[in-house]
Amino acid sequence: MDSNWNTRKFIRLNRDSLCQILNLVSGDDQILVIQPNVLSLLNKLISFTQLTETTSVRKIVILDDQLQDDLANITATLPDIKVVFLIDVRLDIVIPSQLAAVAKLNQNRELNVIYCTFTTQRSNRLNTPEENGIPHFIKSQLSASYDGVVKLYGWDILPIPELGDNVLLSHLLYNGEGDNMYFPRTASMESAMRSILVDNMVNCLQSLFRQTRTTVTNVAAMGRESKKFLNLLRERISLDDDDDEELFIKDTLYGNKYQRDFKTDLIVIERDMDPITPLLTQLTYAGILDDLYEFADDGKLKGKNNVELDYRKDEIWEELKFLNFGAIGPQLNRRAKDLQNKYESRHSADSVGEIKQFVDSLGTLQERQKLLKAHTTLSTDVLNQVETDESLQFNSILELEQDFLLHNLDNRTSCESILEMIYEGDTDSTRILRLICLMSIVRISIRDKDFENFKKELIDTFGIEILFQLERLTQAGLFTSKSLLDSKQYNSKLLKEYRYISKWLDTLPNTDDQIPTAVGPHLDPSNPKEPTFAYCGVVPLTTRYIQMLYDRSVLSQNYSSQQPFIISRNPNLLGTHELLEQIYGNSDIFESGTWIPESRKKPSNGSKQKTNISGKEQNDIAIIVFLGGITMGEIATLKHLQNQLREKKIYKRFIIVSDGLTNGARMIGTSSFKRS
Amino acid sequence: MQDKLKNPSLNWERLSNIFYRSRKLCELDWTGGKNDFSTKFATSTTLIAIMGEDTLSVYSYLGALIGQVGSENLENVIKFEFDNETEKLVIVCQDAIKVIENWLPLEVKSLPVPEEIRDRDIIWDYKQGIVILKDSKDIYSVRSGNFEKIISNNGQFRLLTKDSWDCNEKMVVLLDMDNVYHFDLLTNDLENAIPNSQWHRITISSKSFVCLYNLKDEKIQVYKDPQRTLLEHTMDKSPIDIKWCGNDTIVTSFEDEIRLLGPDGSYATFWYPFEIVDLRTEVDGVKVITTNGIFFISRVESSTENIFRIGSTEPGAILLDSWKLLKEHAPRALENLKSFDLKKGVLDCIHASINEWDIRLQKILLNAASFGKSSLAYKSFDANELVKGCELVKLLNSLRKMGIFITRKQYEIITLRGLIQRLIRAHKYYECFQICRLENSFEFFQEIFLNWAITKIKLSSNFEDSELLTTIERQIIELPEKFHVPLAKIAHASFLEGRFQLARNLALLEKEPELKILELYKVDDNNLALTECLKAESPELTISLLFKLQEKLTPVQLIKLLILDMIDYSLYPYVQRNNYGFLFDFYRQIDKLIDLGQLMIKQAQQQDSIKTFVSPVEELYKKVSTDALIKQDTELLKRQDKLWNYQESLTNTFGISFTEYTLDETLSKLIEMQQERQVKDVVKNFKIGEFKFYHIKCRTLVAQRRFDDLMKFAMDKKSPIGYLPFYKRLRREGFIREAASYVSLMTGASYEKKKELLIDCKGYKELIQLAGKHKDIVGLKELYKMVPPNEPELKVMITDTINTL
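Predicted, not measured: the structure shown is a model, and the values here were computed from it. (Residues numbered from 1 in each chain as written. Chains lettered and ligands numbered in written order. Predicted model: local features only at pLDDT ≥ 70, side-chain atom pairs only at ≥ 80, totals over all residues. Heavy atoms only, no water.)

Engineer: Could you give me a rundown of the overall build of chain A, with the residues and numbers involved?
Structural biologist: From N to C terminus, chain A includes 25 helices and 12 strands. Over its C-alpha atoms chain A spans a radius of gyration of 27 Å, differing by no more than 12% from the 26 Å that the globule rule assigns to 676 residues. Dimensions of chain A along its principal axes, counting C-alpha atoms only, are 75 × 75 × 65 Å. Intrachain contacts of chain A at a sequence separation of at least 6 include 77% that bridge at least 24 residues. (Helix = DSSP H or I, 4+ residues; strand = E, 2+ residues; numbered from the N terminus. Rg over C-alpha atoms; globule rule 2.2 N^0.38 Å. Contact = heavy atoms within 4.5 Å.)

Engineer: Residue-level account of the overall build of chain B, with values.
Structural biologist: Each helix and strand in chain B was counted, giving 32 helices and 29 strands. Its C-alpha atoms give chain B a radius of gyration of 52 Å, more than 25% over the compact-globule value 28 Å for 805 residues. Seen through its principal axes, chain B has C-alpha atoms that stretch 160 × 80 × 55 Å. Every one of the 805 residues in chain B was classed for burial, and the buried ones make up 53%. Long-range contacts, defined as pairs at least 24 residues apart, comprise 48% of the intrachain contacts of chain B with a sequence gap of at least 6. Surface exposure of chain B reaches about 38900 Å², of which carbon and sulfur atoms provide 49%. Taken as two groups, the 109 positive and 116 negative side-chain charges of chain B have centres that lie 9 Å from each other. (Buried < 20%, exposed > 50% of the residue type's maximum accessible area, 1.4 Å probe, protein only. Areas by Shrake-Rupley, 256 points an atom, 1.4 Å probe, with all protein chains shown as cover. Lys, Arg positive; Asp, Glu negative; His and termini not counted. Charge placed at Lys NZ, Arg CZ, Asp CG, Glu CD.)

Engineer: A description of the interface of chain A and chain B should follow, citing residues and the corresponding values.
Structural biologist: By convention, interface size is frequently given as the accessible area that disappears when the constituent parts associate. Taken together, the contact pairs 72 residues of chain A with 65 residues of chain B. Taken together, both faces of the contact between chain A and chain B bury some 6000 Å²; the carbon and sulfur share is 56%. Where chain A meets chain B, there are 13 salt bridges. At the junction of chain A with chain B, the criterion picks out 40 residue pairs in polar contact (both at pLDDT 80 or more). Broken down by secondary-structure element, the contributors of at least two residues to the side of chain A that touches chain B are α6 (137-142), α7 (190-212), α8 (224-239), α15 (411-424), α17 (448-462) and α18 (465-475) of chain A. Ranked by residue count, the leading element in the side of chain A that touches chain B is α17(A), at nine residues. (Buried area = accessible area lost by both parts, 1.4 Å probe. Salt bridge = Lys/Arg side-chain N within 4 Å of Asp/Glu carboxyl O. Polar contact = N/O pair within 3.5 Å; in protein donor to acceptor, adjacent residues only side chain to side chain.)

Engineer: Outline the domain arrangement of chain B, listing residues and values.
Structural biologist: Residues and elements named next belong to chain B. Considered domain by domain, chain B is made up of domain 1 (441-511), domain 2 (525-575), domain 3 (580-624) and domain 4 (628-776). If you average the C-alpha positions of domain 3 and of domain 4, the two centres end up 37 Å apart. Summed over both partners, the interface of domain 3 with domain 4 buries about 880 Å², with 77% contributed by carbon and sulfur atoms. Taken as a group, K611, E618 and Y621 account for 61% of the area that domain 3 buries against domain 4, more than any other trio of residues on that side. Put simply, domain 3 and domain 4 have one salt bridge between them. Residue K611 is joined to E648 by a salt bridge in which the shortest nitrogen-to-oxygen separation is 3.7 Å. At the junction of domain 3 with domain 4, the criterion picks out zero residue pairs in polar contact (both at pLDDT 80 or more). Sorting elements by how many residues they give to the side of domain 3 that touches domain 4 places helix α21 (residues 610-623) first, with seven residues. (Domains from an automatic or database assignment.)

Engineer: I'd like a description of the domain arrangement of chain A, backed by residues and values.
Structural biologist: Residue and element names in this part refer to chain A. Entries for chain A in the domain assignment read domain 1 (3-158), domain 2 (159-274 + 592-601 + 610-670), domain 3 (285-388) and domain 4 (394-486). Across the domain 2 to domain 3 interface the summed buried area is about 1200 Å²; carbon plus sulfur atoms make up 54%. If you sort the residues of domain 2 by the area they bury against domain 3, L163, M632 and R666 come out on top, with a joint share of 42%. Seen at the junction of domain 2 and domain 3, the total is two salt bridges. Here R666 makes a salt bridge to D290, at a shortest N to O gap of 2.9 Å.

Engineer: Run through the UniProt feature "domain: Vps16 C-terminal" (unreviewed entry) in chain B, naming residues and quoting values.
Structural biologist: UniProt marks residues 487-797 of chain B with the feature "domain: Vps16 C-terminal" (unreviewed entry), using the numbering shown here. Between the end C-alpha atoms of residues 487-797 of chain B there is a gap of 102 Å, over a span that is 75% helix and 0% strand. (UniProt positions renumbered as here; feature names shortened; annotations may be inferred.)

Engineer: Run through the sheet that holds strand β10 (residues 107-112) of chain B, naming residues and quoting values.
Structural biologist: All names here are of chain B. Read from one edge of the open sheet, four strands run β7-β8-β9-β10, paired in antiparallel fashion. In the strand order of this sheet, the two ends are held by β7 (77-82) and β10, each with one partner. Going across the sheet, the axis of each strand differs from the next one's by a mean of 20°, ignoring polarity. Inspection of the sheet shows β7 paired to strand β8 (residues 89-93) by five bridges, in the antiparallel sense. Its bridge partner being in β8, V77 is matched across the sheet by C93. (Pairing = 2+ DSSP bridges. Axes fitted to C-alpha atoms, helices over the stretch in contact; angles between N-to-C directions.)

Engineer: Please provide a residue-by-residue account of the packing of helix α19 (residues 580-589) of chain B against helix α20 (residues 593-607) of chain B, values included.
Structural biologist: Residues and elements named next belong to chain B. α20 packs onto α19 with a crossing angle of 160° between their chain directions and a minimal axis gap of 9 Å. Overall, the two elements α19 and α20 adopt an arrangement that is roughly antiparallel. Seen along the crossing, α19 lies across α20 with a hand that is left-handed. In this structure, α19 contributes Y580, L583, F584, Y587 and R588 to the contact, and α20 contributes D595, L596, L599, M600, K602, Q603 and Q606. Residue composition of the contact of α19 with α20, grouped by class: seven nonpolar, two polar and three charged. (Parallel < 35°, antiparallel > 145°, perpendicular 65-115°, else oblique. Left-handed = near helix turned anticlockwise from the far one by under 90°. Nonpolar A, V, L, I, M, F, W, Y, C, P; charged D, E, K, R; others polar.)

Engineer: Explain helix α7 (residues 384-401) of chain B to me, and be specific about the residues and the numbers.
Structural biologist: Residues and elements named next belong to chain B. In this model α7 runs 26 Å from its N-terminal to its C-terminal C-alpha over 18 residues, within 8% of the 26 Å that 1.5 Å per residue would give. Taken as a whole, α7 has its buried residues at L386, G389, L392, V393, L395, L396, N397, S398, L399 and R400. G403, located one to two residues past α7, shows a positive phi value of around 95°. (Expected span 1.5 Å × (residues − 1).)

Engineer: Summarise the pairing of strand β14 (residues 148-151) of chain B; cite the residues concerned and give the values.
Structural biologist: Residues and elements named next belong to chain B. Direction of pairing for strand β13 (residues 139-141) relative to β14: antiparallel, over a ladder of three bridges. Paired with S141 across the two strands is E148, which belongs to β14. Counting the residues that bridge the hairpin from β13 to β14 gives six residues, and of these G145 lies at a positive phi of roughly 105°.

Engineer: Can you tell me about the packing of aromatic side chains, naming the residues and giving the values?
Structural biologist: All names here are of chain B. Taken as a whole and assessed by the stated rule, the structure comprises 33 aromatic pairs over all chains. Note on F693 and F713: the rings are 6.2 Å apart at their centroids and 85° apart in plane angle, and the pair reads as edge-to-face. With F693 in helix α25 (residues 690-704) and F713 in helix α26 (residues 707-716), this pair connects stretches of sequence that are 20 residues apart. Here the aromatic cluster, defined as three or more aromatic residues joined through ring pairs, consists of F693, Y694, F713, Y723, F726 and Y742. Above the face of the W165 ring, K127 is positioned so that its terminal group lies 4.7 Å from the ring centre. For R577, the ring lying beneath its charged end belongs to Y574, and the centroid distance is 4.1 Å. (Phe/Tyr/Trp six-rings, centres within 6.5 Å; stacked < 30°, edge-to-face > 60°. Lys NZ or Arg CZ within 6 Å of the ring centre and 35° of its normal.)

Engineer: Go over the environment of A383(B), please, and point to the residues and values.
Structural biologist: Structurally, A383(B) is set in the loop between α6 (359-374) and α7. Residues A383(B) and K373(B), spaced 10 residues apart in sequence, show a C-alpha to C-alpha distance of 7.9 Å.

Engineer: Let's hear about the side chain of S57(B): which residues, and what values?
Structural biologist: Residue placement: S57(B) occurs in strand β5 (residues 56-60). Not counting the four nearest positions on each side in its chain, S57(B) is found in contact with I48(B), A49(B), I50(B), L65(B), G67(B) and Q68(B).

Engineer: How would you summarise the sheet that holds strand β7 (residues 167-169) of chain A if you had to cite specific residues and measurements?
Structural biologist: Sheet strands pair by backbone hydrogen bonding; their relative direction is either parallel or antiparallel. All names here are of chain A. Read from one edge to the other, the open sheet built from seven strands follows the order β6-β7-β12-β11-β9-β8-β10, with strand pairing classed as mixed. This sheet does not close on itself; its edge strands, each paired only once, are β6 (160-161) and β10 (590-594). In this sheet, strand β9 (residues 264-270) lies alongside strand β8 (residues 218-222) in parallel orientation, the contact comprising five bridges. Following the sheet pairing, A220 is matched in β9 by I267.

Engineer: Run through the pattern of salt bridges, naming residues and quoting values.
Structural biologist: Overall, the coordinates contain 90 salt bridges over all chains when judged by the stated rule. Measuring nitrogen to oxygen at the nearest pair gives 3.0 Å for the salt bridge that ties K692(B) to D664(B). With K692(B) in helix α25 and D664(B) in helix α23 (residues 663-672), the pair connects residues that are 28 residues apart, well separated along the chain. Just as K692(B) is buried, D664(B) falls in that class too. Taken together, the salt bridges that share partners define one network made up of E190(A), R194(A), E225(A), K228(A), D272(A), R472(A) and K493(A).

Engineer: Before we move on, could you go through the packing of α15(A) against α25(B) and cite the residues and values that matter?
Structural biologist: A packed helix pair is summarised by two numbers, namely the angle formed by the two axes and the spacing between the axes. Two numbers describe how α15(A) lies on α25(B): the axes approach to 9 Å, and their chain directions differ by 30°. With respect to their mutual orientation, α15(A) and α25(B) come out roughly parallel. In this structure, α15(A) crosses over α25(B), and the sense of that crossing is right-handed. Residues E420(A), Y423(A) and E424(A) of α15(A) pack against F691(B), K692(B), H695(B) and R699(B) of α25(B).

Structural data, given as structure tokens:
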């Protein structure tokens, strides 16, 4: 099972299927017209030279307002060239207006459109020519302005690994207008946009399962959309027709005849379960970079185009990205010394053989030196910004976050600190809103007087537009007042004050480690006991929830000693409903169970972890689907959790599949129509 | 059955070195005078068609009625025959060729003679898709589904009787008075193959062997290549019929006698106790239809011959012997196995069992095979052979029970698919399923079920919709799990039959959402189609349907539908998100004022003209009195209005536009312009807090470098925000000297804090004084080291202070 999940393979599969479609479209020379939002994916898969070598694509044009002119120029010199469009309207549904415009002007030409989709997308079955049928929605939109033949080709996409082999991002969180599909700007659109997101993510997972021939055995869902997701996925899988081979495999692996020890967990969790984490300042290397510069869809940092952070090529990045930023300096230092020693070794090289060895390794040494230099520059830049840029207010915000979470400040002091920050006028609205929302959530609500005061002050400072942004945040339950809660028209995301939640789930563990700060030194940063390193000493709620599925040691110590198990190989929510009821007011949105019942035959070696002949542990695949965006910090802490479980003899390989990355700026930013 | 099993070879007949045998397929034990062979009839591999007084009936070999054609389809009928490939009944009339596609309800595909021919000519004869016209004797092919002229006669040849031509897949042979013409259907070449020869009857085998018969000389000639005669035979009496047995031997029939002709005048004879009425060539033999039963003459296969030929020492025969010995002399039986090629023996036994029809013989042979197989080395023999053999025996046996008497070779040609199609045409659905189960071929289930259900719907005109639905549902339960029932197609059929309710209910049972929705849409139940579509939770599917509905419905109807089914699901508004006209309308209609307000704001921000939209939004918000948040926000919008009005007046007063400013910026601007009165107004009218005022003023003054004003402002009264913000602001802007002067004002701060701040802004002078006050000698000494060497003055000051201490 493990080997089926060689995620790097997905890149090749995506590439091959595109080339195959392009060759299917026609053997004549082609211009490929690409919608800009497909570009970043395409760049990750194939270079232009590769594309021209394997297909008949000769030119690439971007689908924008210039398109008419570009096409006219090209067709003037190459009249027989075929125009092929490549679009992605999985989230937008609406086709780009430029495409409709081009179609309108070229009534006589055949229209070839490749669109991104998933193999399992039901609507693809509409794409068969049948009279009186219901046409595919792309076709019906085109036929509004175009009478000719529309040929649609679905390009089936698999999510590809980014940031690490076990992190698959499907880039389905933000639509063409930059609106968040999970938490859109307009509250009334939420039902539609979330349904589109869930549908796409279900298809994404189903295609993955098909590709990897995975059968899920155990499942857990946390959250409303997650539960919907799980039900939909199961229903769709049940509609799948298995071929005989598939049935045979399933019967052998999971049937009653044989003892089985294959487990594949599917855990679905969503942003609403933990609204706190993305509001916090991130402290991992990757997280801090994301906060300061933001990772674009193509995996590069905005405004730092010369820095290429590819975990497959850059071992320093691969090792450091999820460490606390405070640990980066020493690590880089160690590497520098190491590198120096290697260079020095030439002095001790006496024999021709040794010298040859040194010369041979020179290439990789230079390569390493280059990487080391890049990372040193990058982290120095970060350090400079954090220490000197007043608009960031990095340390004071970090301090406030910590105080809020620890419940160190009373209402008045909390408000005053935020107001002072507003008055000082250095900090942008997004950072202020993050703090206000954080304060509201950890206390369930804000006192009416403060609530109104905040609104007034924010409008005075940032203008009237912010009022509507605040409205949106209130509708989302991120910023509420006591009387609004009492009116029952509005809710808070969490119904229990954070100080209780943090106690029950021990999210603020009293480790002996000094609470890490961004720049200060702290103890043994490379091997922390608890995953508090990604934020200001706090373990993300989501991480604790996922831990809770397997390991109840935290709950049994801090919540109730009556736990149905302490450690379990199957993810299980048993006995947590009371806790979740208290936090969310509704435990129906949580669900765990098995899709393939345990075989009746008990494994002969008891419940011991299966070890193969070489004595190496086998990992169960545990797919963690994260709806509504995941933060860098959460990825880092989940990785830590995986190792923590390993110490307790639960061998899981966490594969994170998420619709996209999020952080405070993105989350608050998308609540406004104005997004820079 | 108790009689001792005879060696089957006892009634074999030998022709040169090949054995032939005749076996009885079945009795023609029919009641009611159907076997009155005086009337016209036709046979196929599994069926017999008989013309009655005014109906044409088709029966299975066992006499079960399959279907009937009434007189309305039998006008001017010339002949009827079964198509060799599909076994569909073809009725040849003078002006049309009718193919029976389905028996119940009767479905006739009629191919009329084209008009330009009909005017002058009619059909004379027809054989397997080749038509000859009566007058012109032009030849047409209808194999492609329409009349295609292949030979224009133009008086080239004359055909005397209908026996004087024949055709197969590849060629047509015509017997002219003095010539034999060959026409190649692939190359369309007409060739006079044997000029100047007279023949009166002809029959062609499927492998294009041609057999000619001369009535006068009673001579039979066989050739493939006209230049080389393969066989010549002079008969002592004139045969009633001449046919091919398989594709390599000529059979002649007389009243009760069948002769198989061999080389050099040799022949083998089979006698029958009843009158022979017809011969029918099959791929591996010939069927003899007598008034009492049907017999099948075929060559004895080599495997059978090896085993049963008297005195055979072939492996198969020895294996069978050994098996028979097993009971009494086990050791010898086993010993025997070593003496021959066991594998060949096993294979022979398996093959022979497939060729036998007697179940007892089959058992014996398979037992022997199994016995022999178990002594074969593992891997030297593929056990699947035996399994496949057994399955085939089982299949053929059960087919025989159904009245389908076919041999292995015939089955291979018909194939499972063909068999199923034949059974479906005969409405033998249960048998279809049986065969599929025997063959483990479930891929035909869908087709079978579909046919069954559609036929059921078509034929049950007196049933209620609900009855039909339950019948179909009951059958679905019987089907194996995971099997997809094409209910949408069935629904469509019932729709075409005018059963709308049934169509709807069937469509609802369809598992594949897109098929279901399409069908419901076709039934014209838009509402149901949409609600079902929503259940599939596939937005792309839903939107495709909505786009289609948008074409079909008026905007009012569409909105009604949306309100009915999707009031809380905003998919359609999402797709129309940039179509403000539609959305304004829509939200107004469904009374979603808050959404409407937010839409306005969205548009405002995109157009960067927020000001024009705020008061309409305010108006809208006022109408929503129940929402606590909106109520609050209405107040804030009012306040904004007030600000704009005030800014308007400022703009008028000062001639600079204020309207783009926020309140804070307005205040800051006024401070900058030193309009103290207005500043006070703003603070009062907009209830600006002291804290904020101090921050703003401090910030503005620093930005303008009005340091004296700043100091005055700071000293005017004790700053409510303390002096750290002053310090910070100055320090940030780089005015360190000015910043230092505010440190001493911070009365609440500790010495350590102040020291830190002063060091940071290089306020050494102030620090020395401060340290002096705090008697911090250590601090001073440290400071001494810190002070840059080009500041001797400071150094002196430090030493002085230390000295005084």
